[in-house]
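# Descriptive structure summary
Given next are the chains, with one letter for each unit.
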Amino acid sequence: MQERLQELKADALKQVEEANEVKALQDVKVQYLGKKGPITEVLKGMGKLPKEERPVIGQLANDVREEIATAIETKKQKLENEALEKQLEEETIDVTLPGRPAPTGGPHLLTNLIEEIEDLFIGMGFEVAEGPEVEADYYNFEALNLPKGHPARDMQDSFYITEEILMRTHTSPVQARTMEKHEGKGPVKIICPGKVYRRDTDDATHSHQFTQIEGLLVDKHVRMSDLKGVLNAFAKQMFGEEREIRLRPSFFPFTEPSVEMDISCKMCGGEGCSVCKGTGWIEILGAGMVHPNVLEMAGYDPKEYTGFAFGMGPERIAMLKYGIDDIRHFYTNDVRFLNQFHKA
Amino acid sequence: MFVSLNWLKQYVDLQGLTPEDLAEKITKTGIEVEGVEPFGEPIEHLVVGYVKECAQHPNADKLNLCQVDVGDETLQIVCGAPNVAQGQKVAVAKPGAVLPGNFKIKKAKLRGEESSGMICSLQELGIDSKYVPKEYEDGIFVFPEDTDAEVGADATSLLNLDDVILELGLTPNRSDALSMLGVAYEVAAMLDTDVKLPNEDVQITDQKASEEVSVKVDATDLNPYYGAMVIRNIEVGPSPLWMRNRLVASGIRPINNVVDITNYVLLEYGQPLHAFDYDRFGSKEVVVRRAQEGETIKTLDDEERTLSSDHLVITNGKDPVAIAGVMGGADSEVHEGTTSVLLEAAYFDPQTVRKASKDHGLRSESSVRFEKAVDPDRVKRAGLRAAQLLSQYANGEVLEGVVDHDELSYEEAVVTITTSRMNHVLGTNMTDEHIQDILRKLGFSYNQNGEEFEVSIPTRRGDITIFEDMVEEIGRMYGYDDIPFTMPGGEGNAGGLTKHQSLRRKVRHYLEGAGLSEAITYSLTTEERAQMLISPDVKTEDLRPVHLAMPMSEEHSHLRLSMVPELLASASYNIARKQQDVAFYEIGSIYVSEESILTKQPNEEERLSGVLTGSWVSHPWQQEKKNVDFYVLKGILEGLFDLLDLESEITYKQAKVEGMHPGRTAIIELNGKAIGHLGQLHPALQKEYDLKETYVYDVDLEALFAAVSDEESYTPIPRHPSVSRDIALVVDNDVKAGDLRKSILEAGQPLVQHALVFDLYQGEHLPEGKKSLAFSLRYLDPTRTLTDEEVEEAHNAILEKVKADYNAELRG
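Everything numeric here is computed off the predicted structure, so don't read it as measured data.

Once that is clear, we can look at the overall build of chain A. Helices and strands together make up the secondary structure of chain A, namely twelve helices and nine strands. Its C-alpha atoms give chain A a radius of gyration of 42 Å, more than 25% over the compact-globule value 20 Å for 344 residues. Counting only C-alpha atoms and orienting by the principal axes, one finds that chain A spans roughly 130 × 45 × 45 Å. Every one of the 344 residues in chain A was classed for burial, and the buried ones make up 54%. Contacts in chain A between residues at least 24 apart in sequence constitute 67% of all its contacts with a sequence separation of at least 6. Carbon and sulfur atoms make up 51% of the accessible area of chain A, which totals about 16200 Å². In chain A, which carries 42 positive and 58 negative side-chain charges, the distance between the mean positions of the two groups comes to 7 Å.

Here's what the structure looks like:
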């Protein structure tokens, strides 16, 4: 009986070895391990054996059964793996073919820049204030210390609609309106982005419409050193840690003192080059301490309150940053221009 | 303002600073130096030569053969200039010299004669021909006889070629620097040094000017000071070389000594003067008055000008002889034969001069200075200085006295400052001594009382009137670089965006993610475009596009009532440049008014608009290609409304809108109220814009944002399964899917959560005029698991309802 079992085992293992597909393995399994299979037969005949041999043969029969089952399972695994590998091999694609394009939109360069600047100032506690583009003469000029007859408010330079209504020439009227709303009480801490209009003929450096971002801080103890601190923080975040700023005296009717802020030239690091016209500095924005007349007209006591204001042109900043040579590009909406700034 | 450094050195010690360093300092303390330009190039081997002989070239009619003494030798030079002559002192470029333009001077033979060098014209030395005096325009330059020019001496400095010019960009408040003296005060304060003032001593004759002229001012408010001097026996001729050099360096062309001297003093003092030919003045009385309406004068430029009562004129008691501060009359102009001069030094009202200068289109060095108000203290002194120069350089005899009308205020403004307030505003820690020091440098006198300074502002600094003006003076002299960096104190604000601003950003980011590019178009458009494609929610009978009073062009004359027309133009621009696929959005304002003449500002309404045309998806190798169509656009907008959680409040209504395709346009309604539209552009307009199939949209963002709920809520994820059922309905062709869906949702309440169109079929197996619409429905009760019977019941209710509403049959 022992020989019979060994024989069966050898035959079965041979058949397992020879099986090339799962189906054949299944047949081997049925043939040898099935209820009517030879091993079962052997076990059935065990009653005829002497008592002491029975456990030995029983054990052997079980071992053989186990061994065959394991062989079948191992072989099955192997065949399945091979089949899967083959299938995967067949499923191989050309990964270098182009993918299905996902939609690619993006912001306008100016909006992107304005949002970046907004976020910088929001981080310093500023709010974003907006106001009408068609303005009353009073807010655009008078409230900003530009009374009627002032040389800086020539009819020739502004788009008037009526004598009292015009396209705003800067976003400063938003400052005047916001201060007025606060009824003489501080603090006011805002930046005002928006479209502005000047009576210019469009060319490479002039645009009858452009954008501006102005900032205003009015409170009881605002110092010029605070203006320096805020502008410095802005310049470093916007243009790079290594940029220096400097203030130069300038003139605006709504601030006194008035300054212009330069940043050290990125191209030459301050040595002087064609970008900075040899000076090492690039003019970025105008600023100053809010003129007492402006405070007063908005209902603030200039003895108690001081403030600073600044204003910059996103177009100019973009032109400097990217070397854009024609301001009209911002408004032509050439997709070859727009798309370049969709990338991060 | 051009500042010659060689000239500036006459008044202030520049302490050996290089022009660049000086420019940097001036820029940082007060006035932007926009340019530092060498006036000329110093030229080696350029010397003063004496023309000993000048004979005609033996072989050429138009050439001269000159023997020129250049100090250490005599050179034979062939010269073609018509004005060369024996006895002249000239500028000689010896062999080895290199003239501007890298023109190297070498020994050469010209028509057989040796020529060792060149006798130079001013142009050849690099001076712009517009500054070259007329007599030298077509020939060589000749040193005036009185020039202290030794033969053989270096000619570079005599011709001022070693000068450097600073170009100052003056802000409107710094008109004090519209003069060499003003610049000198500024630079002296910066360098902590003194200003050497010019000599104003005049040698006078016994005869009194008052015997020869009288002055009467009939408009004192416009002319508080008028001073007249009389200078006799003048010889009109060229002015001295140094003066001419300085004028040229300042950008003024020398004419003759009388004109040059008035110009010179204008530049030196900032005080415009006028010299009348005394003998042609027409009388012995100067009367200043407002012009009569319609009165005329022929000005120096030979133009006949008509005046109005806004203009101030100088008259001879009868006729105008000058427009005050703007331009003199032709009849009394100084000319070569002039022997007596009536010299005017006056203070004219800035506004009056500005008005006249503008009305007549005459902006001059004079009018510019009067417009900014001249320094009262220098008016009379400038006259004296000019008289002195006329006596010295035009041999004039100055009659005694200035005949004047004087109601001018010479009072100095007083501004009180305190050290503590100064520090408070600047954020500095200055001491009283700092302030004292700065005031001393500025040349401002003061009375000090503790930390309080009563500062007297010199009349030359008319721009300083209030405390804040002094903050600027003290601050800039202290040095803006030395003000520390601090961050604002105070209560501290959180900062941030309003709900509206945050939503706007959210919308932008969504649209960009959906594949749209942001465009920015001009708000000002043509009259035609301002009235085109106005959204139905905006359009009213009385709508009037707002237009500019004085547009620069028709292109930008009217305020838009829709962004779409300009966006279409942008799309068209791209397509003309072979960029076929355009998908734009723009967020911006339209300007709504019903007034034909505005009495108040128009309503500015923020809208979202856009244009789509061309391909939407293009993935050819997998045979996937889709052009933009109505549903591409609608899908984007649906996504947007869903993002704002307004999807259920939005409906689309088929509509006819002017300029739009009549069958492919929908009005978008929010809770039953129109807020915009979307659809295909009318083919006629597509053609006009040179566009293929193009879709546009225009939505009222403010209405949309107003509907966005502030509440943030959460619906728990259902724990019970939903049941899906599909339903295909056969209806008449004109039944709208949206209406059918509405019926389904109504009838399916409360179990139907979801009804999605998944198929639309027309054609075979369906009767003529019918279509099949298939919906996928989802039934759910969040509280329990539905039974088949319950779903069946709801389903039947839906079938009944659509049958009743639209005669819909279940498709067999």
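Following the structure, the description resumes.
Secondary structure assignment for chain B yields 19 helices and 43 strands. Against the 2.2 N^0.38 benchmark of 28 Å for 812 residues, chain B shows a C-alpha radius of gyration of 42 Å, more extended than a compact globule. Taking the principal axes of the C-alpha coordinates as reference, chain B spans close to 130 × 80 × 60 Å. In chain B, buried positions account for 52% of the 812 residues. When contacts within chain B are restricted to residue pairs at least 6 apart in sequence, those whose partners lie at least 24 apart make up 69%.

Residues and elements named next belong to chain B. Counting buried positions along helix α5 (residues 241-249) gives eight out of nine residues, so the element sits mostly inside the fold. Along α5, the residues classified as buried are Leu241, Met243, Arg244, Asn245, Arg246, Leu247, Val248 and Ala249. The inward-facing, buried residues of α5 abut β1 (2-4), α1 (5-8), α3 (155-158), β12 (164-169), α6 (257-269) and α9 (376-393). Where α5 terminates, the next one or two residues include glycine 251, which has phi positive at roughly 90°.

This paragraph deals with the UniProt feature "binding site: Mg(2+)" (unreviewed entry) in chain A. Here, the residues flagged by UniProt with the feature "binding site: Mg(2+)" (unreviewed entry) are Glu256(A). Turning to its location among the elements, Glu256(A) is positioned in strand β7 (residues 255-264). Owing to a relative accessible area of 6%, Glu256(A) belongs among the buried residues under this scheme. What Glu256(A) contacts, discounting residues up to four positions off in sequence, is Met289(A), His291(A), Glu468(B), Asp469(B) and Glu472(B).

With that out of the way, let us pick up the UniProt feature "binding site: Mg(2+)" (unreviewed entry) in chain B. Under the local residue numbering, the UniProt record ascribes the feature "binding site: Mg(2+)" (unreviewed entry) to Asp463(B), Asp469(B), Glu472(B) and Glu473(B). With residues near it in sequence (within four places) discarded, Asp469(B) still touches Glu256(A), Asp463(B) and Ile464(B). Polar contacts involving the side chain of Asp469(B) include one to the main-chain amide nitrogen of Thr465(B), which spans 2.8 Å. By the element assignment, Glu472(B) lies in helix α12 (residues 467-478). Each residue touching Glu472(B), except ones within four places of it in the same chain, is listed here: Pro249(A), Ser250(A), Glu256(A), Pro257(A), Ser258(A), Asn173(B) and Tyr480(B).

It is worth spelling out the sheet that holds strand β42 (residues 770-779) of chain B at this point. All names here are of chain B. Pairing within the open sheet is antiparallel, and its four strands lie in the order β41-β42-β40-β43. Looking at strand neighbours, the two that pair on one side only are β41 (752-761) and β43 (809-810), the edges of this open sheet. Across ten bridges, the pairing between strand β40 (residues 723-732) and β42 is antiparallel. Paired with serine 724 across the strands is arginine 778, a residue of β42.

Taken domain by domain, chain A consists of domain 1 (2-91) and domain 2 (109-341). Just the C-alpha atoms count here: the centres of domain 1 of chain A and domain 2 of chain A sit 88 Å apart.

This part is about the sheet that holds strand β2 (residues 32-38) of chain B. Residues and elements named next belong to chain B. Taken in spatial order, the three strands line up as β1-β12-β2 in an open sheet, and their pairing is antiparallel. With partners counted over all chains shown, the strands left at the sheet margins are β1 and β2, one partner each. Sheet twist, expressed as the mean angle between neighbouring strand axes with direction ignored, is 25°. Looking at chain direction, β1 and β12 are connected through three bridges and run antiparallel.

Within the UniProt annotation, "domain: FDX-ACB" (unreviewed entry) is assigned to residues 718-811 of chain B. Segment residues 718-811 of chain B splits into 32% helix and 34% strand. End C-alpha atoms: 32 Å apart.

Listed as interface residues are 90 residues of chain B and, on the opposing side, 97 residues of chain A. Summing both sides of the interface, chain B and chain A together bury roughly 7500 Å²; the carbon and sulfur share of this comes to 55%. In this assembly, chain B and chain A are joined by eight salt bridges. Here Arg505(B) makes a salt bridge to Glu115(A), at a shortest N to O gap of 3.7 Å. Summed over the shared surface of chain B and chain A, the result is 40 residue pairs in polar contact (both at pLDDT 80 or more). Partitioning the side of chain B that touches chain A into residue classes produces 35 nonpolar, 31 polar and 24 charged.

A separate point is the environment of Ala309(A). Residue and element names in this part refer to chain A. Secondary-structure assignment places alanine 309 in strand β9 (residues 306-312). The spatial distance from the C-alpha of alanine 309 to the C-alpha of glutamate 183 is 18 Å, given a sequence separation of 126 residues. Among residues more than four places away in sequence, those in contact with alanine 309 are Gln175, Gly215, Leu216, Leu227, Thr255, Gly286, Ala287, Gly288 and Val290.

It is worth spelling out the side chain of Glu260(A) at this point. Examined against the element boundaries, Glu260(A) turns out to sit in strand β7. On the basis of relative accessibility, which here comes to 13%, the residue Glu260(A) falls in the buried class. Among the polar contacts listed, one links the side chain of Glu260(A) to the side chain of Ser250(A), at a separation of 3.0 Å. Excluding its chain neighbours within four sequence positions, the residues that come into contact with Glu260(A) are Arg246(A), Leu247(A), Arg248(A), Ser250(A), Glu283(A), Leu285(A), Gly286(A) and Glu32(B).

Here Glu256(A) and Pro257(A) are connected by a cis peptide whose omega angle stands at -5°. Tracing the backbone shows Pro257(A) in strand β7. Of note, the amide linkage connecting Gln749(B) to Pro750(B) takes the cis form, showing an omega dihedral of -5°. With respect to the helices and strands, Pro750(B) occurs in the loop between α18 (737-747) and β41. Backbone geometry at Gln15(B) places phi at a positive 55°, although glycine is not the residue there. Of note, the phi angle at Asn102(B) is positive, near 55°, even though the residue is not glycine. Checked against the element boundaries, Asn102(B) lands in the loop between β7 (98-99) and β8 (103-104). According to the relative accessible area criterion, Asn102(B) is exposed, its value standing at 53%.

Rules and cut-offs
- Residues numbered from 1 in each chain as written.
- Chains lettered and ligands numbered in written order.
- Predicted model: local features only at pLDDT ≥ 70, side-chain atom pairs only at ≥ 80, totals over all residues.
- Heavy atoms only, no water.
- Helix = DSSP H or I, 4+ residues; strand = E, 2+ residues; numbered from the N terminus.
- Rg over C-alpha atoms; globule rule 2.2 N^0.38 Å.
- Buried < 20%, exposed > 50% of the residue type's maximum accessible area, 1.4 Å probe, protein only.
- Contact = heavy atoms within 4.5 Å.
- Areas by Shrake-Rupley, 256 points an atom, 1.4 Å probe, with all protein chains shown as cover.
- Lys, Arg positive; Asp, Glu negative; His and termini not counted.
- Charge placed at Lys NZ, Arg CZ, Asp CG, Glu CD.
- UniProt positions renumbered as here; feature names shortened; annotations may be inferred.
- Polar contact = N/O pair within 3.5 Å; in protein donor to acceptor, adjacent residues only side chain to side chain.
- Pairing = 2+ DSSP bridges.
- Domains from an automatic or database assignment.
- Axes fitted to C-alpha atoms, helices over the stretch in contact; angles between N-to-C directions.
- Buried area = accessible area lost by both parts, 1.4 Å probe.
- Salt bridge = Lys/Arg side-chain N within 4 Å of Asp/Glu carboxyl O.
- Nonpolar A, V, L, I, M, F, W, Y, C, P; charged D, E, K, R; others polar.

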